[in-house]
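Structural characterization, general
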Amino acid sequence: MFNMAFSRSLTVDDVVAMLGEVVPPGTQLLVQDGDWDVPDEVTGLWARLRDTGDPAWPLALEVLVCPCDLGPYPDLRVAEHIGARLGMDVLCDVDPAVCEVDPSDPYYVLALVGGRWFLASTAGTRFAGPYTDGSREWPGDKAVALIRPVVVRTR
């Protein structure tokens, strides 16, 4: 399972087309918009799109099942493909094998910006979601902060 967010909205058809270019031929793709409509049997890649509530990163892609072999770091490989093909920026979860950070820190992400990878922080952004301590509804309206460039090898 992996998650990513995009710097602009895409349709289900856009995502299916992009995923179809990176998954092995013949892989069944099921991409839904919004809530899960759980199929009886999942035989291919199963994902959903959802609105993030952040105008800078309006769309999230959540891949729940990916039985096909996309190699190491499938999320980063998909991000690079979509980013390059559509000229957009992409946020991905941090993998401790790629960056030396605490993967349980909820604010660190890998950001593919302008075709380059960065360790980034979502602290204080709408993308980070509401505070859980009840102090206010949203943590703020800061932009995703690029901390430092990182080298990512997806092959």
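Please read all numbers here as calculations on a predicted model, not as lab measurements.

Rules behind the numbers
- Starting from 1, residues in each chain are numbered consecutively following that chain's sequence as written.
- Reporting of local features is limited, given that this is a predicted model, to residues whose pLDDT is at least 70; pairs of side-chain atoms are given and counted only at 80 or more, and all residues count toward the totals for whole chains, interfaces and linings.
- The basis for every side-chain value is the complete set of heavy atoms in the structure, and neither hydrogens nor water enter the calculation.
- Counting from the N terminus, the helices are the DSSP runs of H or I reaching at least four residues and the strands are the DSSP runs of E reaching at least two.
- Partly exposed describes any residue whose relative accessible area lies between the buried limit of under 20% and the exposed limit of over 50%, with all areas from a 1.4 Å probe on protein chains only and scaled to the type maximum.
- Per-residue accessibility takes into account occlusion by the displayed protein chains alone, with areas from the Shrake-Rupley method and a 1.4 Å probe.
- Patches draw on residues past 30% relative accessible area with no salt bridge. Two like charges within 9 Å are joined, as are two nonpolar side chains (Val, Leu, Ile, Met, Phe, Trp, Tyr) within 5 Å.
- Counted as salt bridges are all cases of a side-chain nitrogen of Lys or Arg within 4 Å of a carboxyl oxygen of Asp or Glu.
- Contacts: residue pairs with any heavy atoms within 4.5 Å of one another.
- Polar contact is defined as a pair of N or O atoms within 3.5 Å, subject to the rule that within protein one atom must be able to donate a hydrogen and the other to accept it, and that residues adjacent in sequence are counted only when both atoms are side-chain atoms.
- What pLDDT conveys is the predictor's confidence in a given residue, as a value from 0 to 100.

**A word on the overall build of the chain**
Within the chain one finds 2 helices and 8 strands. Mapped in sequence order, the helices and strands of the chain form the string β-α-β-β-β-α-β-β-β-β. Split into buried and exposed, the 155 residues of the chain put 41% on the buried side. Accessible surface, the chain: about 8,400 Å² in total, of which carbon and sulfur atoms supply 49%.

**Here we look at a nonpolar patch on the surface**
On the surface, a nonpolar cluster with roughly 310 Å² of combined accessible area is contributed by M1, W36 and L64. With respect to the helices, strands and loops of the structure, W36 is situated in the loop between β2 (29-33) and β3 (45-51).

**Here's the deal with the pattern of salt bridges**
For the coordinates displayed, the defined rule picks out 3 salt bridges. Across the pair R85 and E21 runs a salt bridge, and its minimum N-O distance is 2.8 Å. Here R85, found in helix α2 (residues 74-86), pairs with E21, found in the loop between α1 (12-20) and β2; they are 64 residues apart in sequence, far enough to count as distant. Between E62 and R50 there is a salt bridge, and its shortest N-O distance comes to 2.7 Å. Note that E62 is positioned in strand β4 (residues 59-65) and R50 in strand β3, a separation of 12 residues in sequence. Looking at E62, the relative accessible area reads 14%, which means it is buried. With relative accessibility at 32%, the residue R50 sits in the partly exposed group. Overlapping salt bridges, with partners in common, bring together R48, R50 and E62 in one network.

**Section: the side chain of T122**
Relative to the helices and strands, T122 resides in the loop between β7 (116-121) and β8 (145-149). Here T122 is in contact with L91, P106, Y107, V109, F127, A128 and V144, once residues within four sequence places are set aside.

**Let's talk about the side chain of T125**
Checked against the element boundaries, T125 lands in the loop between β7 and β8. For T125, a relative accessible area of 1% gives the class buried. Engagement of the side chain of T125 in a polar contact is seen with the backbone oxygen of T122, the distance being 2.6 Å.

**Comments concerning the environment of N3**
One can find N3 in strand β1 (residues 2-6). Here the alpha-carbon distance between N3 and A79, two residues 76 residues apart in the chain, equals 10.0 Å. Aside from chain neighbours lying at most four places away, what touches N3 is L61, E62, L91, C92 and D93.

**A look at the confidence of the model for the chain**
Taken residue by residue, the chain gives an average pLDDT of 82. The fraction at 70 or more is 82%. When pLDDT is averaged over each helix and strand of the chain, the minimum, 86, is found for β4 and the maximum, 95, for strand β5 (residues 90-92).

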